[in-house]
Amino acid sequence: KAQRTSGINDPSLGFRLLKEMKQKQIQPNPMTYSALIDVCGRCSRSDLALQALRLMLDDQKQEQMKKKNNNNSAVGAWTAAINACGKAGRVDTAMKLFFESMPRFGVSPNFVTCGCLVDSLLRHGRTQETLEVLRYMKTNNIEPSQVMYTSLMTYASRLAATSSSWSSNSSSSRSDTS
């Protein structure tokens, strides 16, 4: 009789399937890892989501694809990891992935990546960091989605208070330096 080891918050079946793919010489692609990372996030296992992201990066490194590596095909996996961390309350880790790790690996966030991070930041009351992501989006010509606008509207009063205190602090610091 087979022993059942995976439960409602246990994405181990996904990792077993990944291992089986590799044993059968089937090369997982970024979408495969995105699905695995998403499952980990749905199971509230951001630790395993980050492990799956590391596995993808190790595979890409080992593979050293014969043609020029297009890391932007992996943006979905990064987005899923950021989303999993945000949902688990690991907002600092999500910010680090977005602002440090993605650029280091040559991956550019898209509007979905930004939306996941903005939503997580807003849910955790991190309005100042939300404004940083919005400035990043503006600088990089990333247009917000309907979902992002909805999140922003939900937290509009909190953002307005942070934005005006940020503006008055920056204008007072400019007048102090003159």
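The structure displayed is predicted, hence computed values, not measured ones.

J.: Describe the confidence of the model for the chain, and please don't skip the residues or the numbers.
T.: Chain-level statistics for the chain give a pLDDT mean of 82 and a share of 81% at 70 or above. The least confident element of the chain is helix H9 (residues 156–177), whose mean pLDDT is 56; the most confident is helix H5 (residues 91–104), at 95. Low pLDDT, under 50, characterises residues 170–178; the predicted model gives this stretch zero contacts beyond four residues in sequence or across chains.

J.: Account for the pattern of salt bridges, naming residues and giving values.
T.: Applying the stated rule across the entire model yields seven salt bridges. The residue Lys24 makes a salt bridge to Glu20 at a minimum N-O spacing of 3.5 Å. Residue Lys24 is classed as exposed on the basis of its relative accessible area, which comes to 55%. You can call Glu20 partly exposed: its relative accessible area is 37%. A salt bridge links Lys22 to Asp59, with the nearest nitrogen and oxygen atoms 2.9 Å apart. Here Lys22, found in helix H1 (residues 12–23), pairs with Asp59, found in helix H3 (residues 46–63); they are 37 residues apart in sequence, far enough to count as distant.

Conventions used here
- Residues numbered from 1 in each chain as written.
- Predicted model: local features only at pLDDT ≥ 70, side-chain atom pairs only at ≥ 80, totals over all residues.
- Heavy atoms only, no water.
- pLDDT = per-residue confidence, 0-100.
- Helix = DSSP H or I, 4+ residues; strand = E, 2+ residues; numbered from the N terminus.
- Contact = heavy atoms within 4.5 Å.
- Salt bridge = Lys/Arg side-chain N within 4 Å of Asp/Glu carboxyl O.
- Buried < 20%, exposed > 50% of the residue type's maximum accessible area, 1.4 Å probe, protein only.

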